[in-house]
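If you want the building blocks of each chain, they are given just below.
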Amino acid sequence: MQEQLALAKQEAVLKTLPTPCYVVDEARLVKNLELLQKVQQATGCHILLAQKCFSMFRLYPLIGQYLAGTTASGIYEARLGREEMGKENHVFAPAFKDEDMRELVQICDHIVFNSIAQLEKHRPVWQAAGVSVGIRINPEYSTQEAQQAIYDPCAYGSRLGVTLANFPEQLPEGVEGLHFHTLCEQNADDLIATFKAFESKFGKYFSQLKWLNLGGGHHITRADYDVQALIDLLNYIRTTYHLKVYLEPGEAVALNAGYLVTEVLDIVRNGIDVLILDASAACHMPDVLEMPYRPPLRGGFAAGEKPHTYRLSSMTCLAGDVIGDYSFAEEIKIGDKLIFEDMAIYSMVKNNTFNGMPLPDIVLLHKNGRTELVRRFGYEDFKGRLS
C-alpha cells in the first residue's frame, strides 16, 4: 500500500511537468549503482559507465561515487568522461583519426584498438605516451536473438573485433589487454558461455596480459539477473589468471531510472483510435523503430487487454512514427499526460530534431521528490545543429 501511494504521488508530480520531457529518477539510479558497487566489492572488478547509453553528465559526480570511471566510443565522449567524472577513462572505436589519437593518449587510461593495423598505425603515439592498450577480439560466439541481429558483433561479416584466424601467433608488443563486447540486454549465462569460448580460443595469451575487458550488455540491475553467477565468473578469472577485469555496462547503470512524459494533442479515428503525442519514436526514442521494441507505459497494457485500445503515434509527418498499440482501463482524452518508463537509456544520447521537433526538457527527480529542470532546449539549439 505504501509503495502504491508513493507511486501515485510521483505520478502526480510527473504530470505537472511541461512536455515532452525526460525525467531521471535519482532514487532508482542510486539503487542500480549500489548493486554495481557490491559487484565491484565482491570481485575486485572495475565497472565503467558506458557513455553511449547514458551521458547525463550532471550526474557524473554521483555516479563516480560508486563506479570506477567511464568508457567512451570516441573523442567527444572521452573528453566528457575526463572533464565531468575525472576517474578511469577508457575508449574503443572501430578506427581512430590521427588528430584524435594525439589527444586520446593524453586523456585516456586505456585505448582499445579494433584491428592489428590500427594498433600499429598509431603505435608511435600511444607507445610514446605510455598509455595502456588492448585489442578487441571477436570470439565468434553469437548469443543474440534473431530480432536483435543488428546488435550481434559476432555475426558473419562483422567489422568488430579480430577473429582468431586473423590474430597473430605472438601477442603484439605493448598490448596489455584483450576486450570483447558481444552482449545486449543479457543475463549472466550468456556471458559465461561467451567467456568459455573466448577462453578456449585466446586463453593462451592471458599470462602475458594485465587486464581483460568483458564489455557491456550485462543487465546486472534487472530483477531476474543472476548476480551471483556473475560474481563467481569474475572471481574465477581473478583467481585463475590474476588479471584485472573491467565491465562496461550502460543500461545496467540507468535501467528503469527514467521516464518520458508526453501529452495527448489529438485523437485520429481510422479503424483504430490513434493518439497524437508531442513525443516521437523517431526523434525521442529511436530504439523503438531501430531494435524494434515496445516501451513500457505506466497504466498501459497490451492491445485488447483493457477496454480502450489506442495506437500511440507522434506529431511528425513520418507515417511510420508509431510507438505501439496499448490498451487502458479508462478512456484517454486530449490533454491527458502519459508516462513512458525506462527512458533514461539510449534516449538523450540518440534523440534528434527531425521535422523540427523540439528536444525534450531534461528534468532530475530528486530522492526527496523535488524536480529540477536541468536543461531546456529551444530554437537556438535546433538551429545550432544545422548551421
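Up top is the structure these notes are about.
Owing to the predicted nature of the structure, the values given are computational and were not obtained by experimental measurement.

K.L.:
Is there a simple way to think about a nonpolar patch on the surface in this case?
P.N.:
Taken together, the side chains of L289, L318 and F354 present a nonpolar region at the surface, about 240 Å² in accessible area. Positionally, L318 belongs in the loop between β13 (308-314) and β14 (322-328).

K.L.:
It is not clear to me how the nonpolar core should be interpreted in this structure. Could you clarify?
P.N.:
Nonpolar side chains tend to gather and get buried jointly when the protein is soluble and globular. Counting 98 residues, the largest nonpolar core has I63, I111, L178 and L312 as the members making the most contacts within it. For this core, the leading source of residues is helix α9 (residues 227-241), giving seven residues. In this structure L178 touches I135, I137, F167, F198, F202, Y205, F206, L209, W211, L212 and N213, once residues within four positions along its chain are discounted. In this structure, L14, V261, I339 and L365 belong to the second largest nonpolar core, which totals nine residues.

K.L.:
Just to check I follow, could you spell out the sheet that holds strand β5 (residues 110-113) for this structure?
P.N.:
Note: strands within a sheet are paired through backbone hydrogen bonds, in either parallel or antiparallel orientation. A barrel is described by the order of its strands in space; here eight strands give the closed sequence β2-β3-β4-β5-β6-β7-β8-β9, paired in parallel fashion. Direction aside, neighbouring strands of the sheet carry axes that sit 25° apart on average. Here strand β2 (residues 46-50) runs beside strand β3 (residues 69-72); their pairing, made up of three bridges, is parallel. Across the sheet, the residue bridging to L48 is G69, located in β3.

K.L.:
Sorry, what's going on with the packing of aromatic side chains here?
P.N.:
Two measures describe an aromatic ring pair: the distance that separates the ring centres and the angle between the ring planes. Tallied over the entire structure, the rule returns 16 aromatic pairs. Summarising the aromatic geometry, the rings of F180 and F198 are spaced 4.9 Å apart at their centres and angled 65° between planes, so their arrangement reads as edge-to-face. Of this pair, F180 sits in the loop between β7 (175-179) and α8 (188-202) while F198 is found in helix α8, placing the two residues 18 residues apart along the sequence. Grouping residues by exposure puts F180 and F198 together as buried. A connected cluster of aromatic rings, assembled from ring pairs, spans F167, F180, F195, F198, F202, Y205, F206, Y236 and Y241. Cation over ring: R294 sits above Y326, and NZ or CZ is 3.8 Å from the ring centre.

K.L.:
Honestly, the state of the cysteines in this entry has me stumped. Any pointers?
P.N.:
Defined simply, a disulfide is a covalent bond joining two cysteines at their sulfur atoms. With the rule as written, the count across this model stands at zero disulfides. Here C45 stays unpaired: no disulfide links it, and the sulfur of C53, its closest cysteine neighbor, is 18 Å away. C53 forms no disulfide, and the closest cysteine sulfur to it belongs to C184, at a distance of 9.9 Å. Judged by relative accessible area, C53 falls into the buried class, the value being 1%.

K.L.:
Where do I start with the pattern of salt bridges in this structure?
P.N.:
Pairs may arise between side chains of opposite charge once their charged atoms sit close together. Under the criterion given, the structure shown has 18 salt bridges. Across the salt bridge formed by K201 and E140, the nearest N and O atoms sit 3.9 Å from each other. Taken together, the positions of K201 in helix α8 and E140 in the loop between β6 (132-136) and β7 put the pair 61 residues apart, joining distant regions of the chain. When its relative accessible area of 42% is taken as the criterion, E140 is described as partly exposed. Across the pair E169 and K204 runs a salt bridge, and its minimum N-O distance is 3.4 Å. Here the residue E169 occupies a position in the loop between β6 and β7, and K204 occupies one in the loop between α8 and β8 (211-213), the gap between them amounting to 35 residues. Each member of the salt-bridge network shares a partner with another, and the members are D287, E290 and K350.

Reading guide: rules and limits
- Residues numbered from 1 in each chain as written.
- Predicted model: local features only at pLDDT ≥ 70, side-chain atom pairs only at ≥ 80, totals over all residues.
- Heavy atoms only, no water.
- Patch = residues over 30% accessible without salt bridge, like charges linked within 9 Å, V, L, I, M, F, W, Y side chains within 5 Å.
- Areas by Shrake-Rupley, 256 points an atom, 1.4 Å probe, with all protein chains shown as cover.
- Salt bridge = Lys/Arg side-chain N within 4 Å of Asp/Glu carboxyl O.
- Helix = DSSP H or I, 4+ residues; strand = E, 2+ residues; numbered from the N terminus.
- Core = buried A, V, L, I, M, F, W, Y, C linked by side-chain atoms within 4.5 Å.
- Buried < 20%, exposed > 50% of the residue type's maximum accessible area, 1.4 Å probe, protein only.
- Contact = heavy atoms within 4.5 Å.
- Pairing = 2+ DSSP bridges.
- Axes fitted to C-alpha atoms, helices over the stretch in contact; angles between N-to-C directions.
- Phe/Tyr/Trp six-rings, centres within 6.5 Å; stacked < 30°, edge-to-face > 60°.
- Lys NZ or Arg CZ within 6 Å of the ring centre and 35° of its normal.
- Disulfide = S-S within 2.5 Å.

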